[in-house]
Every structure is written in C-alpha cells, then in structure tokens.
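# Analysis of the macromolecular model
For reference, the chains in residue letters:
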Amino acid sequence: SVGAMETLIERTTEHLKTRRQFGAPLARFQALQHRLADTMIGLEQADAMVMAAAMLIDHAPPEVRQKVLATTKVITARAAQATSEAAIQMHGAMGMTAECRVGHFAKLLTTLSLYLGDAQHHLRWYAEHAIAPSAAATQASAPTTEKGSA
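Source: prediction; values computed, not measured.

Counting through the fold element by element, Phe 29 comes out in the loop between β2 (24–25) and α2 (30–56). Counting along the chain gives 13 residues from Phe 29 to Leu 16, while the straight-line C-alpha distance between them is 9.2 Å. Dropping the residues within four chain positions of it, Phe 29 is found in contact with Gln 21, Phe 22 and Ala 24.

Looking now at the nonpolar core. Ranked by internal contacts, the top residues of the largest apolar core, which has 19 residues, are Met 5, Leu 8 and Leu 109. For this core, the elements supplying multiple residues, two or more each, are α1 (2–18), α2, α3 (62–91) and α4 (101–114). The greatest single-element share of this core, amounting to 6 residues, is contributed by α1. Residues in contact with Met 5, not counting those within four places in the same chain, are Leu 43, Ala 46, Thr 76, Ala 79, Ala 80, Thr 83 and Leu 109.

Let us now look at the side chain of Lys 73. Among the secondary structure elements, Lys 73 is positioned in helix α3. Although buried, Lys 73 forms no salt bridge, and the nearest oppositely charged side chain, Asp 118, lies 8.0 Å from it. Here Ser 113 takes part through its backbone oxygen, which lies 3.2 Å from a polar atom of the side chain of Lys 73. What Lys 73 contacts, discounting residues up to four positions off in sequence, is Leu 112, Ser 113, Leu 114, Tyr 115, Gly 117 and His 122.

About the criteria used
Residues numbered from 1 in each chain as written. Predicted model: local features only at pLDDT ≥ 70, side-chain atom pairs only at ≥ 80, totals over all residues. Heavy atoms only, no water. Helix = DSSP H or I, 4+ residues; strand = E, 2+ residues; numbered from the N terminus. Contact = heavy atoms within 4.5 Å. Core = buried A, V, L, I, M, F, W, Y, C linked by side-chain atoms within 4.5 Å. Buried < 20%, exposed > 50% of the residue type's maximum accessible area, 1.4 Å probe, protein only. Lys, Arg positive; Asp, Glu negative; His and termini not counted. Salt bridge = Lys/Arg side-chain N within 4 Å of Asp/Glu carboxyl O. Polar contact = N/O pair within 3.5 Å; in protein donor to acceptor, adjacent residues only side chain to side chain.

In structure tokens, the structure reads:
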C-alpha cells in the first residue's frame, strides 16, 4: 500500500505542476498544497507503522505482534483511502478515466485495504483484545468503597 500511495502522490504532484487554471499551475493554489501535504503526512505515518511492524514481527511476543499489526492495518487503510480520494479529486473528472492511472491505483489501494480484514475489523479486534482486557484488569484492581463510609 505504501508504494501505491507514493505513486499516487508523485502523479498528483506532477499533475498539479503541469495543469493550469486561471493562468497559473494548480500547484500554486494553497488549498491544493495543504491537501497534498495531508496525504504526505498519511503516507509517512503508514510507512512508519509498516517499518515498526516489520521490525517487531520476528521478535515480539504474539500479543504485542497482533496489536502492532492491527494498528498498522488501520493506519495504512485510512491513509490509503484519504490518499486515493485526494488524488482523484485533485485530478478532477479525469482521475477515474481508464487513461489516467490514478483510478487504477485507487482501486488497488481499496482492494489492499480490504485484504485480510478492513480497518473496522481490526479496530473491533483491538477493542476486544487489546483495550478491553487491560480496562477490565484496571477496574478489578481499583479499590472499592462501601456505601456510607467516607
């Protein structure tokens, strides 16, 4: 997914530099610069999570590994969706034509985001396995007070 997101950002950046509107390249419009910057932030977050997961995969205990992989899947899927939507929008209507590769990469990212469970699946798993047990342990160890005592 990270490689496809990089390609989408590169193609979108090139499009914004070459496409002109109102006598200026689209890249000069601040709103589009901000949108592109947001996609780059999502890419960096996804890349960092993938690298962290790759470093832990062979050495971390299974429960840590599962948490990191679930988190990586959620962050990567969200970044992929945001990058795809932004790239298509910044290319205008031609972003989804057969001649423009942006639509193909967006479809690839959608497919990859669904592979081995979508973001919602991994969020539910995380809530059930990573958050719930630790919250239950915290509540069990919390001191209780009796009614009427101060």
